[in-house]
Structures are given as structure tokens and as C-alpha cells.
Amino acid sequence: MHSEDILDYYKQAYEELKLILDLSFDQITIADGNGIFTKVSKSCEPYFGVTENGLIGCNAFELEKNGVFDTSVTAEVIRKGEKVTLIQKTGANRTLMVTGIPMFDEEGQIIKIINISKDITENQMLGQELKDIQSQLQWFQKELNKRQAIYDSKVNYKSVSMNKIMELILHICDLDATVLLLGETGVGKGYIAKVIHESSIRKNEPFVPINCGAIPENLLESELFGYESGAFTGATKGGKKGLFEIAGKGTIFLDEIGDMPMNLQVKLLHVLDDKKVLRLGGEKPIKVEGRLIAATNKDLKKLIQEGKFREDLYYRLNVVPINIPPLRERKVDIPALVKMFLDNYNNEHGTHKTISEGGYNILIDYNYPGNIRELENIIERLVITTLGDIVEDIQVAEIIEPTKEINYNSDEIVPLKQSVEELERRILISAFEKYKTTRKVAEALDIDQSTVVKKAKRLKIKYS
Ligand SMILES: Nc1ncnc2c1ncn2[C@@H]1O[C@H](COP(=O)(O)OP(=O)(O)OP(=O)(O)O)[C@@H](O)[C@H]1O
């Protein structure tokens, strides 16, 4: 071949190479062994924010420093002496996947580096969007699970006050914060404590309830904190786990916290502050990881004033207070509860009882000093004691009549003696429903056992 033909051949080859470079969708750059760009495809311009001529003759190390791209693949190939693939962020805010391929001379020195880049900005954005959607989905799933748990728990309510409580529960169920449930006897504090546990991430861990008012002080202490063998006379060999230990990562429910003896209140406060518990006679602290829910029907502030409840413990427990209103203040909830209890007891006793319209109205009108517990008992008694399939008005009235309360909010003036007797009767009936024995009722009402017996006789209250 003549030298002119050779020149033509190379010229043509060069033109073809340039055309390929410029037509390529990918960004191609060629640098020499020192990292100086010798050829750059036109498509590079929008991706690096620098013109073709602005790149040619520039050093990759310099461009890296000037922020045209973060890590230069050319520079990396020179540093490592081998083929490199990396993700590169450019000054024009694009994300590229770049591969740099070195070419060597006979002595193994790099003479050229060919870089091919693919724009993956959209892929990355889609990837991020996918991640965002996935985390949103997880959040919705978690919310849905919590709502499902509340639905499954069959807390029937229509009232605004209960709706607010359930929304609060959804909000706090997964937090570690201590919950203090307040409300009259029978409003469902224990029931709600269980709902909180079952709607929370702790639902597969134990739910451990204990009634602080029903157990003597020394027994309560060993139940709560456990003991080592030989801690006291009669202690089981091998010791015993306390309820905090048994609850593990679950929920410990301290019912009737207002009845906890002062001495134990101090110990409980230490456990809550230190998040550690010591078994009686033990030396090794055990980590407390469970969530605490406490409940009381007593006025804790009044107990503090009377010196019967520690103020510091009160503030420690009162992180999320939930005040459950009495049933008489949310009568819209009664129909669904009546239906639920009627269905439950019909199932349990194999009956098909319904309640007459009049009987139903009596149930709605009644003020339930014993709250949901009393309503449940009334429905069970009606299902068991009535003979036909329809519970008539009179049968409902007969059950409610002995405890029918005087409506103190009405304008009707009733003789004081009658009012006092009625109030006593209500209190005693509720106390008997809960505590069953005259001794425990006397303890709860802080009167002598003989007074309980006398009053029950005078007010014709039956107890077993
Ligand atoms: N929302 C509810 N739906 C169905 N049953 C309920 C509901 N709330 C309470 N109950 C039922 O009413 C009864 C009393 O509830 P619970 O023992 O939780 O009340 P409490 O406020 O803890 O009472 P106390 O202060 O006397 O311990 C229980 O049998 C419980 O199952």
C-alpha cells in the first residue's frame, strides 16, 4: 500500500471511530496512560456538564478534584492498574455506572484507558421510589395489623369518648411508655390492657396480670420480683421467677395499683427507674424489658394527699394516662354490648333468647354503677333465668329493680335516707360482684366485716 493510501485508510478509520463514539448512547471517553482525555463522545456533554472540547486535554485527577465527577474511573484504573467498574455521581447530577478498561504496552505500562458509562439515574430513582413505597407499605401493614387486633378484640363502641381512646391506643401500643388506666370498677380497664398488649409488637410475648389489691404484701413482693432458694422460710428450692421475669419482653399488668403497699411502691419505683429487678435474696440484677400497664379505680391524687400513694411513683406511671368513662356517660355503647353479651351467653348455654323492646329500653335507660361488668352479669342472668325465648320487660325490670338507682342528676328530690340507702346498696352490690367475700368487701370499703354483714342483711343483698 502507498503511504497516501495508508493515510487515507487511517483517516477513514478515525472518522468511523469518531462516528461510532458520537452515535453511541453510552458515554465513551479515552484517556492516555497519564489520565489525560484524548477522545470523548459527544453524548458525554449533558452528563458531565462540560463540552467535548472542555474535556479533551484535561486530566482525570484534576476533573475529580474540580467535581466534574466524584470518583474518576480513569484515576482508579491508574491507581489499581486493572479494569475498574464503579458508580459515579457527576457534577450535572447524574448517576453513571462506569467501566474503565486499561490497555498495556509490552512493558506492562498503561498506555490507554477506555471508559464506557451507562446512565442509571432513572434506575436509581426508581429504586429509591420502590424503597419508599415498600416502607410506606410496611407502615400501612403495621397500622392495619393494629386495627385488625382492635377489631378482633371485639371492643364494641360507638361513643366519641371510646373512639378517642382506641385511636390513642393505636398510637401508643408499640411504644415502651407506661400506661395508666383509670376509671370506675367494671369499665373495662383489664380488658383494655389486654387489647393494648394484643395490638402491640409484644403480642406474641406473655401478658402477665396481677391484682395488687388481692394479694397480701409479702406474697405480692415475691410474686412480682421472685426469690432465690433460701430467701425466706418456706421458699421453694431453686427459687422462683418473679412476674417481671415471666413477662420478659411482654406486658406486665398491675391491676389495682392504688392498693399496693407503700413499701412495695418504693421497690417498684426502683425497678422502673433502673429497668432491673433483683429477686428476693438475690444479687444478680435481671434486666426488665417488658412494658408496664397499671390500672386503678381509686383517685391516686387523693391517695397521695392522704399519704397512701407515692407521688414520684404516680408521675412515673402516669406517662400515658387513659381515663375510661363510665358506661352511663357513653350510653350509645350499650346496644352493641347487649348484643355481644347476648350472643356470647346464648352460644355458651345453647339458647336463642332475644330481649323484648321494652326490656331492651330498660337496659338502655339503666345507669350501671358496676359498668360493663354489671351489664354482662345482667345479660347472663337473663339468659339463664328466663324460661321462654323472649326476655320480657318485667323480667328485665325484676333483675334491675333491686339495684335500680336514683338518678342524682334529675330534678326529682328524694328523701335523704332513701338516697343514702340506695347509694350504699349500689356500692355493696358492686363490691360483692368484684370481691365475693365479706372479708374482702370489708377490706375494699375500709369498714368492719361485721358492718358489711349487717348492711347486706338490712339492704337485702344476697351474696354467696
Ligand atoms: N369493651 C368491652 N367489651 C366486652 N367486654 C368488656 C369490655 N370491657 C369490659 N368488658 C368485660 O367487663 C368485665 C369487667 O371488665 P374489667 O375487669 O376489664 O373491668 P375493670 O375496669 O378492670 O374492673 P375493676 O376496676 O373492678 O378491676 C369483664 O368481664 C370484661 O370482659
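Residues numbered from 1 in each chain as written. Predicted model: local features only at pLDDT ≥ 70, side-chain atom pairs only at ≥ 80, totals over all residues. Heavy atoms only, no water.

**Focus on the overall build of the protein chain**
Broken down by element type, the protein chain carries 20 helices and 16 strands. Taking 464 residues into account, the globule formula puts the C-alpha radius of gyration at 23 Å, and the protein chain, at 39 Å, lies well above it. Summarising its shape, the C-alpha atoms of the protein chain cover approximately 135 × 60 × 45 Å along the three principal directions. Expressed as a percentage of the 464 residues in the protein chain, the buried residues total 41%. Intrachain contacts of the protein chain at a sequence separation of at least 6 include 60% that bridge at least 24 residues. Taken as a whole, the protein chain presents about 26600 Å² of accessible surface, with 54% of it coming from carbon and sulfur. Positive and negative side-chain charges of the protein chain, numbering 61 and 70 respectively, have mean locations separated by a distance of 8 Å. (Helix = DSSP H or I, 4+ residues; strand = E, 2+ residues; numbered from the N terminus. Rg over C-alpha atoms; globule rule 2.2 N^0.38 Å. Buried < 20%, exposed > 50% of the residue type's maximum accessible area, 1.4 Å probe, protein only. Contact = heavy atoms within 4.5 Å. Areas by Shrake-Rupley, 256 points an atom, 1.4 Å probe, with all protein chains shown as cover. Lys, Arg positive; Asp, Glu negative; His and termini not counted. Charge placed at Lys NZ, Arg CZ, Asp CG, Glu CD.)

**So, the nonpolar core**
Ranked by internal contacts, the top residues of the largest apolar core, which has 32 residues, are Leu-224, Phe-244, Leu-254, Ile-257 and Phe-309. Element by element, the count of residues in this core is highest for helix 11 (residues 262–274), at five residues. Those residues in contact with Phe-244, other than ones at most four positions away along the chain, are Leu-224, Phe-225, Ile-252, Leu-268, Val-271, Val-277, Val-288 and Leu-292. Counting residues in each nonpolar core, the second largest holds 23 residues, with Met-162, Ile-172, Cys-173 and Val-195 among its members. (Core = buried A, V, L, I, M, F, W, Y, C linked by side-chain atoms within 4.5 Å.)

**Concerning the pattern of salt bridges**
Taken as a whole and judged by the stated rule, the model has 25 salt bridges. The closest approach of N and O atoms between Arg-328 and Glu-184, which form a salt bridge, is 2.5 Å. Residue Arg-328 is found in the loop between strand 14 (320–323) and helix 14 (334–349), and its partner Glu-184 is found in the loop between strand 6 (179–182) and helix 8 (189–199); the two are separated by 144 residues along the sequence. Judged by its relative accessible area of 33%, Arg-328 is partly exposed. Linked by salt bridges that have partners in common, Glu-64, Glu-76, Arg-79 and Lys-80 make up one network. (Salt bridge = Lys/Arg side-chain N within 4 Å of Asp/Glu carboxyl O.)

**Topic: the packing of aromatic side chains**
According to the stated counting rule, one finds seven aromatic pairs in the structure shown. A centroid spacing of 5.3 Å and a plane angle of 75° characterise the contact between Trp-139 and Phe-140, whose relative ring orientation is edge-to-face. (Phe/Tyr/Trp six-rings, centres within 6.5 Å; stacked < 30°, edge-to-face > 60°.)

**Considering empty space enclosed by the protein**
Here the structure, examined in full by the defined rule, presents one cavity of 30 Å³ or more. Its boundaries defined by the atoms lining it, the largest cavity holds a volume of some 90 Å³. Along the walls of the largest cavity sit 13 residues, with Thr-29, Phe-37, Phe-48, Phe-69 and Asn-115 positioned nearest its centre. Within the residue set of the lining of the largest cavity, elements represented by two or more residues are strand 2 (37–40), helix 5 (73–80) and strand 5 (110–119). Of the residues in the lining of the largest cavity, the class split is seven nonpolar, six polar and no charged. (1 Å grid on protein atoms, 1.4 Å probe; cavity = no way out; pocket = protein on both sides within 12 Å on 5 of 7 lines; lining within 4 Å. Points joined across faces, edges and corners; volume = space filled by probe spheres on them. Nonpolar A, V, L, I, M, F, W, Y, C, P; charged D, E, K, R; others polar.)

**Some words on the packing of helix 15 (residues 357–365) against helix 17 (residues 393–400)**
Following both chains from N to C, one finds helix 15 and helix 17 inclined at 25°, their axes separated by 7 Å at the closest point. By the criterion of interaxial angle, the relationship of helix 15 to helix 17 is roughly parallel. On helix 17, the residues that touch Gly-358, Gly-359, Ile-362 and Leu-363 of helix 15 are Asp-393, Val-396, Ala-397 and Ile-400. Considering only residue class, the contact of helix 15 with helix 17 consists of five nonpolar, two polar and one charged. (Axes fitted to C-alpha atoms, helices over the stretch in contact; angles between N-to-C directions. Parallel < 35°, antiparallel > 145°, perpendicular 65-115°, else oblique.)

**What to know about the side chain of Glu-76**
Within the element layout of this structure, Glu-76 appears in helix 5. If we skip the residues at most four places from it in the chain, Glu-76 touches Thr-71, Gly-81, Val-84 and Leu-86.

**With respect to the environment of Ala-456**
Topologically, Ala-456 is positioned in helix 20 (residues 449–458). Exposure remark for Ala-456: the relative accessible area of 1% places this residue in the buried category. Spatially, the C-alpha atom of Ala-456 lies 33 Å from that of Glu-223, the residues being 233 residues apart in sequence. Beyond its immediate sequence surroundings of up to four residues, Ala-456 is in contact with Leu-428, Phe-432, Ile-461 and Tyr-463.

**Examining the site of the ligand**
Looking at the ligand, there are 20 residues lining it, with Thr-185, Gly-186, Lys-189, Tyr-191 and Glu-376 nearest. Between Val-187 and the ligand, the recorded distance is 3.3 Å, taken from a backbone N or O atom to an oxygen atom. When the free accessible area of the ligand is taken as 630 Å², the share hidden by the protein chains comes to 85%. Spatially, the ligand is embedded in the second largest pocket. Among the secondary structure elements, those contributing two or more residues to the shell around the ligand are helix 8, helix 14 and helix 16 (371–385). Across the shell around the ligand, the residue classes tally to seven nonpolar, five polar and eight charged. (Near = heavy atom within 4 Å. Polar contact = N/O pair within 3.5 Å; in protein donor to acceptor, adjacent residues only side chain to side chain. Sits in = over half its atoms within 2 Å of the grid points.)

**Digging into the pairing of strand 10 (residues 251–255)**
Of all five residues making up strand 10, five are buried, and the element is well covered by its neighbours. Across five bridges, the pairing between strand 7 (residues 207–211) and strand 10 is parallel. Each bridged residue has a counterpart across the sheet, and for Phe-207 the counterpart in strand 10 is Thr-251. Of the strand pairs in this sheet, strand 10 and strand 13 (residues 291–296) are connected by four bridges, and their pairing is parallel. Following the sheet pairing, Leu-254 is matched in strand 13 by Ala-294. (Pairing = 2+ DSSP bridges.)

**Focus: the UniProt feature "domain: PAC" (unreviewed entry) in the protein chain**
Listed under "domain: PAC" (unreviewed entry) in the UniProt record, and renumbered for this structure, are residues 80–132. Here residues 80–132 is 25% helix and 49% strand, with 36 Å between the C-alpha atoms at its ends. (UniProt positions renumbered as here; feature names shortened; annotations may be inferred.)

**Description of the domain arrangement of the protein chain**
Domain assignment breaks the protein chain into domain 1 (3–119), domain 2 (153–324), domain 3 (326–404) and domain 4 (412–464). With centres defined by C-alpha atoms, the gap from domain 3 to domain 4 works out at 23 Å. Taken together, the eight residues of domain 3 in the interface contact seven residues of domain 4. When the two sides are added together, the surface that domain 3 and domain 4 hide from each other amounts to roughly 610 Å², 53% of it contributed by carbon and sulfur. At the boundary of domain 3 and domain 4, one finds zero residue pairs in polar contact (both at pLDDT 80 or more). Across the side of domain 3 that touches domain 4, the residue classes break down as two nonpolar, three polar and three charged. (Domains from an automatic or database assignment. Buried area = accessible area lost by both parts, 1.4 Å probe.)

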